[in-house]
Amino acid sequence: MPHRLSKSRYTAGVQCHKLLWWKVHEPLAVELQPDKVLQDRFDQGAQVGTLARTRFPGGVLIDLPHTAVAERVKLTRKLIDDGAPAIFEASFLADNTFVAVDILTPQEGGFHLTEVKSSSSQKEEHLPDAAVQVHVLSRSGIHITGVDVMHLNKECHFPDLSNLFECTDVTAAVQPLLGKIGWEIDAQLAMLDGPLPDVPIGLQCHEPYKCPFMERCWPKDAGHIMRLYNIGPKKGCDFLLTGVNRISDLPATQKLNVTQKRQIRAMKEGRIIVEPSLKEALGAFDCRLGFLDFETIMRAVPVWPGMAPWEQAPAQFSYHESNGDGTYTHAEYLAEGPKDCRPELARAMVEATKNAERVATYSAFEKTRIRGLQEAVPELRAELEALEGKLVDLLPVVRDNVYHPDFLGSFSLKYVLHSLVPELTYDDLVIVDGLVASVEIARLLFVAGKIPQEEHDRVRQDLLNYCERDTWAMVKVLERLRELASTP
Ligand code: SF4
């Protein structure tokens with residue numbers, strides 16, 4: 001059987017031929033099986049797609065399996081001939097490439113093509129997706145007069161979802177791509193008939209989407225140039241192109257920031273570097289101190305008053321407070337049920353933190369969420385502003401004063417904990433990642449009725465354990481930093 005392309009295969013091939021080859025030849029590869037986070041993204045995308053269709057009254061869905069290509073194409077033709085006001089998943093096959101158009105509507109002199117995206121803006125990477133559809137439709141004798149990307153609208157706020165969608169006209173933007181599509185399809189199909197292509201690693205591994213095969217292609221070397229602190233994919237790949245593959249390959253004349261220089265020193269000397277300034281930096285934490293961490297939900301279609309698409313809203317916190325004698329008090333909150341939990345969460349957090357002089361966080365994430373709560377829970381604005389005034393961020397203290405070779409260029413709490421407090425890990429926990437926590441919270445809140453009680457209780461406990469471990473990790477990292485600061 002000759003290989004056949006689809007929208008998603010074509011766009012994967014535009015990103016990287018090797019990625020497409022693996023997708024086609026190893027569809028069951030473990031890297032391609034959606035994890036909970038990706039599956040949630042798909043589910044939310046499907047919800048957005050279904051809502052988008054409601055904006056086209058009288059539209060007809062090609063409700064046949066994706067494998068029933070001939071039947072789908074035939075039904076699409078019939079609906080066109082019958083004058084359907086809109087066809088959802090309108091299906092076409094040409095040049096060995098199958099596409100299902102999200103929304104196809106008849107228009108003066110031809111048809112209008114709408115590609116639905118669950119992002120909250122139109123992005124460059126949407127263009128090849130739209131362009132391959134225009135190509136296949138024109139090869140099928142359908143004249144496209146206009147192309148839109150219909151995406152979520154940042155200005156929409158729950159509960160008024162009447163402006164949930166916004167359309168960006170990309171008719172002109174896809175035109176320059178059209179001339180190359182036939183050639184690219186031929187190149188992809190020929191490549192798929194051959195062995196795994198040899199593609200060097202590069203920026204395409206990160207953009208427009210992080211490739212699932214990074215583990216296969218990228219070296220795991222701790223000294224790789226991509227491990228340089230704050231390097232970013234673009235700068236890192238520029239280095240690769242000039243033959244700088246390892247941090248040790250950097251020329252002596254290379255401009256580096258203070259943190260990068262400290263990293264290189266720590267790597268060369270194979271030991272932790274602690275700046276004398278650490279002691280003074282820790283002064284801000286010498287008081288009645290609390291430690292706060294949030295977990296959030298993030299929904300494409302907003303769910304609570306005032307929320308915009310994909311806005312993050314806190315739904316869980318963990319809080320440890322030092323009693324000043326080496327012991328700690330713990331408080332926590334985790335939303336239950338679909339109602340807006342933010343007033344209840346804010347009240348519980350204000351109560352828990354009221355005696356603290358300062359509240360430590362790790363990164364500015366909590367500060368941003370507390371500012372959001374000031375809008376969402378105006379009756380507690382004064383208390384939340386007071387709490388914001390108490391926040392003190394531990395991350396810059398580590399970043400500006402300490403580097404351990406095992407940080408591997410990252411100051412995320414997990415890397416720092418692993419290096420500074422190796423005896424405390426997340427290994428005994430079921431949930432070990434904030435993105436998974438977010439998806440699990442949303443599942444508990446919004447589809448709880450479909451989850452057996454036993455599973456519900458177990459996941460709830462897993463979430464509580466995870467968030468508690470984050471604040472306890474902060475406690476232990478601070479203890480270790482104090483030891484380091486007082487070690488001559
Ligand atoms: S990691 Fe990079 S080179 Fe490897 S398949 Fe993915 S995009 Fe291609």
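This next bit is on the nonpolar core. Phe285, Met349, Tyr362, Val477 and Leu481 are the most contacted members of the largest nonpolar core, which totals 72 residues. Per element, the largest residue contribution to this core is twelve residues, and it comes from helix α17 (residues 453–486). Excluding its chain neighbours within four sequence positions, the residues that come into contact with valine 477 are Leu394, Leu413, Val416, Leu417, Leu420 and Val421. Counting 56 residues, the second-largest nonpolar core is a separate cluster that includes Tyr10, Trp21, Leu113 and Leu127.

We now examine the domain arrangement of the chain. Along its sequence, the chain is organised into domain 1 (5–192), domain 2 (219–255) and domain 3 (279–486). Put simply, the middle of domain 1 and the middle of domain 3, counted by C-alpha atoms, are 39 Å apart. Taken together, the contact between domain 1 and domain 3 spans 19 residues of the former and 17 residues of the latter. Summing the contributions of domain 1 and of domain 3, the shared interface buries around 1500 Å²; its carbon and sulfur component is 66%. Linking domain 1 with domain 3 are two salt bridges. Between lysine 36 and glutamate 440 there is a salt bridge; the shortest N-O distance is 2.8 Å. Where domain 1 touches domain 3, the interface holds eight residue pairs in polar contact (both at pLDDT 80 or more). In terms of residue count, the dominant contributor to the side of domain 1 that touches domain 3 is helix α3 (residues 36–53) (eight residues). Broken down by class, the residue content of the side of domain 1 that touches domain 3 amounts to eight nonpolar, seven polar and four charged.

What follows deals with the site of the ligand. Lining the immediate surroundings of the ligand are Cys16, Lys18, Leu19, Trp22, Val199, Gln204, Cys205, Cys211, Phe213, Met214 and Cys217. Of all the secondary structure elements, the ones that give two or more residues to the shell around the ligand are α2 (17–25) and α7 (214–217). Considering every element that reaches the shell around the ligand, the biggest residue donor is α2, with three residues.

A few words on the packing of aromatic side chains. Evaluated as defined, the whole model comprises ten aromatic pairs. Residues tyrosine 403 and phenylalanine 411 carry aromatic rings whose centres are separated by 5.9 Å and whose planes lie at 75 degrees to one another, so their mutual orientation is edge-to-face. Where phenylalanine 407 meets phenylalanine 411, the ring centres are 5.5 Å apart and the plane angle is 70 degrees; that geometry is what we call edge-to-face. Exposure class is identical for phenylalanine 407 and phenylalanine 411. Each is buried. In this structure an aromatic cluster arises from ring pairing among Tyr229, Tyr403, Phe407 and Phe411. We note arginine 41 situated over the ring of tryptophan 310; from NZ or CZ to the ring centre the distance is 4.3 Å.

Turning next to unusual backbone geometry. With an omega of 10 degrees, the peptide bond between phenylalanine 158 and proline 159 qualifies as cis. When you line up the elements, proline 159 lands in the loop between β6 (144–152) and β7 (165–169). That bond from glutamate 207 to proline 208 is cis: its omega, 0 degrees, falls within 30 degrees of zero. As for its placement among the helices and strands, proline 208 is situated in the loop between α6 (171–192) and α7. The phi dihedral of asparagine 96 falls on the positive side, at around 60 degrees, and the residue is not glycine. For asparagine 96, the location among the structural elements is in the loop between β3 (87–94) and β4 (97–107). Assessed through its relative accessible area of 29%, asparagine 96 is described here as partly exposed. Within the chain, leucine 408 stands out as a residue other than glycine whose phi angle is a positive 55 degrees.

With that settled, the discussion passes to the sheet that holds strand β11 (residues 328–334). Spatial strand order, β11-β10-β9-β12-β13: five strands in an open sheet with mixed pairing. Lying at the two open borders of the sheet, with one neighbouring strand each, are β11 and β13 (391–393). Across the sheet, the mean angle from the axis of one strand to that of its neighbour is 30 degrees, orientation sign disregarded. For strand β12 (residues 358–361) and β13, the ladder comprises three bridges, and the chain directions are parallel. Its bridge partner being in β13, threonine 361 is matched across the sheet by aspartate 393. Along the sheet, helix α13 (residues 381–390) contacts β12 and β13; its crossing angle with β13, the most-contacted strand, is approximately 35 degrees. The strands that helix α16 (residues 434–446) touches are β9 (289–298), β10 (312–322) and β11; relative to β9, the one it contacts most, it runs at about 65 degrees.

Looking now at helix α5 (residues 126–139). Think of an α-helix as 3.6 residues a turn; residues three or four steps apart then line up on the same face. In a regular helix each residue adds 1.5 Å, so 14 residues correspond to 20 Å; α5 covers 21 Å between its end C-alpha atoms and thus fits that length. A large share of α5 lies buried, amounting to twelve of its 14 residues. Buried within α5 we find His126, Leu127, Pro128, Asp129, Ala130, Ala131, Val132, Gln133, Val134, His135, Val136 and Leu137. Packing partners of the buried residues in α5 comprise α1 (7–15), β3, β4, β5 (110–116), β6 and α6. After α5 finishes, the residue glycine 141 shows a positive phi value of roughly 85 degrees.

Basis of the calculations
Residues numbered from 1 in each chain as written. Predicted model: local features only at pLDDT ≥ 70, side-chain atom pairs only at ≥ 80, totals over all residues. Heavy atoms only, no water. Core = buried A, V, L, I, M, F, W, Y, C linked by side-chain atoms within 4.5 Å. Buried < 20%, exposed > 50% of the residue type's maximum accessible area, 1.4 Å probe, protein only. Helix = DSSP H or I, 4+ residues; strand = E, 2+ residues; numbered from the N terminus. Contact = heavy atoms within 4.5 Å. Domains from an automatic or database assignment. Buried area = accessible area lost by both parts, 1.4 Å probe. Salt bridge = Lys/Arg side-chain N within 4 Å of Asp/Glu carboxyl O. Polar contact = N/O pair within 3.5 Å; in protein donor to acceptor, adjacent residues only side chain to side chain. Nonpolar A, V, L, I, M, F, W, Y, C, P; charged D, E, K, R; others polar. Near = heavy atom within 4 Å. Phe/Tyr/Trp six-rings, centres within 6.5 Å; stacked < 30°, edge-to-face > 60°. Lys NZ or Arg CZ within 6 Å of the ring centre and 35° of its normal. Pairing = 2+ DSSP bridges. Axes fitted to C-alpha atoms, helices over the stretch in contact; angles between N-to-C directions. Expected span 1.5 Å × (residues − 1).

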